[in-house]
Amino acid sequence: MTMGTEHRHNDDQSYGHTQNKSLTEEEKKQKQIDDWLPITSSRNAKWWYSAFHNVTAMVGAGVLSLPFAMAELGWGPGVTIMVVSWLITLYTLWQMVEMHEVGDGRRLDRYHELGQYAFGDKLGLWIVVPQQLLVEVGVDIVYMVTGGRSLKKVHDLVCDESCKDIKLTYFIMIFASCHFFLAQLPNFNSISIVSLAAAVMSLSYSTIAWAASVKKGVQPDAEYTYRASTQTGKFFNFLSALGDVAFAYAGHNVVLEIQATIPSTPEKPSKGPMWKGVVVAYIVVAICYFPVAFIGYYVFGNKISDNILESLEKPVWLIVIANMFVVVHVIGSYQIYAMPVFDMMETFLVKKLHFTPGLPLRLIARTCYVAFTMFVAICFPFFGGLLGFFGGFAFAPTTYFLPCIMWLAIKKPRKFGLSWFTNWVCIVLGVLLMILAPIGGLRSIIISASKYKFFS
């Protein structure tokens, strides 16, 4: 029932009251729920909303760890993996945009609805929902850590010797505090200002990161050998870096939900404006990612920190500004990834548990979610390892190969044709990434955890 709401709206206007009478009580009730749920409540977005929502979803804090990933991968593999990832994820994103509208006028407004359309109602849910939730909740937890770390960095840079050292835990709480309010914004269109600010910030801090590196010049101790001294270390670090790259291309998990906010008719389907926005977003992604990754690695070599801003100590004022930009960006990104989670929670509470849709339900459910992500972030703030682990384990399927499997199931391209062959190449590469990357990420989490004290 969540699908095709748009067309029912149009029909209601054309048929007037007669149409309303023909709707059964059950359908009326479902329509009211769809008009209230965050993904389907507002459908008047323009193509540029898609552009900055996608930039905000894609260019996350992951961009700051790309030079570090390059140091683990080396020049040849690093450049290849970055460029190939950009191409594959642009291709799979195009597939998802194309599959949003089904021939009979229905719209697949959520990733799991596309899964259900491709694999059947039960199996589709089980394949997509756990992975999508893992990605979205995982990103939100990592962003809690990133926001807290960036705030702490600002505090440490601005403070002189007389300042008291404040634990990272408190900065994560400070960062979380604004989300208790922002989480109450009802839908994607209502967070568009936050998202636009976040997109501008991501471009700004990426530019600061590579421009400040250029200004600093190649460091005298910059070496381009692998960081680890042992073969085992090199191998596991390489795998972990694959996860970092996968994490950097994670926008697919919210792309159908963003497209659902664009109006669509059979004459003017939403895929036109959506694709326009995606192309603009991907150009911005390239402008952000490639200079940061390649220049950062070129300047610092294998001495680069897992967050490039931590390697750039001077000029202090510029690094303070960059870190504040990161904070603003991550605030927007957190909300973009939280919105589909809110939609799932509210759908479940209202449709399955029959709670009354309204402000009290929204207030309690969303506040609990923000509190949960804050608590987990405080308990496990190992940033680099988390990226590698989540990147491989959850992002590779939803970004690199699940859209290809759905494309083969729905579109059924000719065997051994170009489309068939391209999809299978993406699937094989994606599955390898999913198996290999978490191994490296898990190892670095274990190494970090052995030196870690809880709630420090």
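This text goes with the structure placed above it.
Quick look at the structure, then. Just so it is clear, the model here is predicted, and its values are computed rather than measured. (Residues numbered from 1 in each chain as written. Predicted model: local features only at pLDDT ≥ 70, side-chain atom pairs only at ≥ 80, totals over all residues. Heavy atoms only, no water.)

### Structural notes on the nonpolar core
Under the convention used in this document: Throughout, nonpolar core names a set of buried Ala, Val, Leu, Ile, Met, Phe, Trp, Tyr and Cys residues whose side chains join them through atoms within 4.5 Å. Only protein chains enter the accessibility calculation, which uses a 1.4 Å probe; a residue is then buried when its area is under 20% of its type maximum, exposed when over 50%, and partly exposed in between. A contact between two residues is defined here by any heavy atoms of the two lying within 4.5 Å.
The biggest cluster of nonpolar side chains holds 122 residues, and the ones touching the most others in it are M82, M144, Y249 and Y289. Ignoring any residue separated from it by four or fewer positions in sequence, one finds Y289 in contact with M58, V59, G60, V63, L66, M82, A248 and Y249.

### Quick look at the layout of surface pockets
To keep it simple, the criterion reads: Of the grid points, spaced at 1 Å and generated over the protein atoms alone, those admitting a 1.4 Å probe that cannot get out make up cavities, while open sets with protein on both sides within 12 Å along at least five of seven lines make up pockets; any residue with an atom within 4 Å of a point is treated as lining. Grid points are joined across faces, edges and corners, and a volume is the space filled by probe spheres set on the points. Numbering of helices and strands runs from the N terminus; a helix is a DSSP stretch of H or I covering at least four residues, while a strand is a stretch of E covering at least two.
If you add up the space inside the largest pocket, you get close to 980 Å³. In this structure, the largest pocket is lined by 33 residues; those nearest its centre are H112, L125, T347, K351 and K352. Contributing elements (two or more residues each) for the lining of the largest pocket: helix 3 (25-36), helix 7 (111-119), helix 8 (121-158) and helix 15 (316-352).

### Here we look at a nonpolar patch on the surface
The criterion, for reference: Grouping into patches uses exposed residues only, defined as over 30% relative accessible area, and leaves out salt-bridged ones; the cut-off is 9 Å for like charges and 5 Å for nonpolar side chains (Val, Leu, Ile, Met, Phe, Trp, Tyr). Per-residue accessibility takes into account occlusion by the displayed protein chains alone, with areas from the Shrake-Rupley method and a 1.4 Å probe. A side-chain nitrogen of Lys or Arg and a carboxyl oxygen of Asp or Glu constitute a salt bridge if their distance falls within 4 Å.
A cluster of nonpolar side chains, namely W75, V79, V83, L87, V218, Y224 and Y298, defines an oily patch on the protein surface of about 590 Å² accessible area. With respect to the secondary-structure elements, Y298 resides in helix 13 (residues 271-300). The partly exposed category is assigned to Y298, whose relative accessible area is 45%.

### Considering the packing of helix 5 (residues 66-73) against helix 11 (residues 231-248)
Note the following rule: In this description, a line fitted to the C-alpha atoms serves as the axis of each element, helices being fitted only across the stretch in contact, and the angle between N-to-C directions of two axes falls anywhere from 0 to 180 degrees. A crossing counts as left-handed when the near helix is turned anticlockwise from the far one by less than a right angle, and as right-handed when that turn is clockwise. Under this grouping Gly is polar, as are all residues other than the nonpolar Ala, Val, Leu, Ile, Met, Phe, Trp, Tyr, Cys and Pro and the charged Asp, Glu, Lys and Arg.
At a minimum axis distance of 8 Å, the contact between helix 5 and helix 11 shows a crossing angle of 145°. Two packed elements cross with a definite hand, and for helix 5 against helix 11 that hand is left-handed. Judged by residue contacts, L66, F68, A69, E72 and L73 of helix 5 engage N237, F238, A241, L242, D244, V245 and A248 from helix 11. The residue makeup of the contact of helix 5 with helix 11, split by class, is 9 nonpolar, 1 polar and 2 charged.

### Describing the state of the cysteines
Cut-off, in case you're wondering: We call a pair of cysteine sulfur atoms a disulfide whenever their separation is within 2.5 Å.
Applying the stated criterion across every chain yields a total of 1 disulfide. Considering cysteine sulfurs only, C368 is the nearest to C178, which forms no disulfide, with 18 Å between them. Residue C178 is classed as partly exposed on the basis of its relative accessible area of 24%. With no disulfide of its own, C426 lies closest to C404 among cysteine sulfurs, the gap being 4.2 Å. When its relative accessible area of 5% is taken as the criterion, C426 is described as buried.

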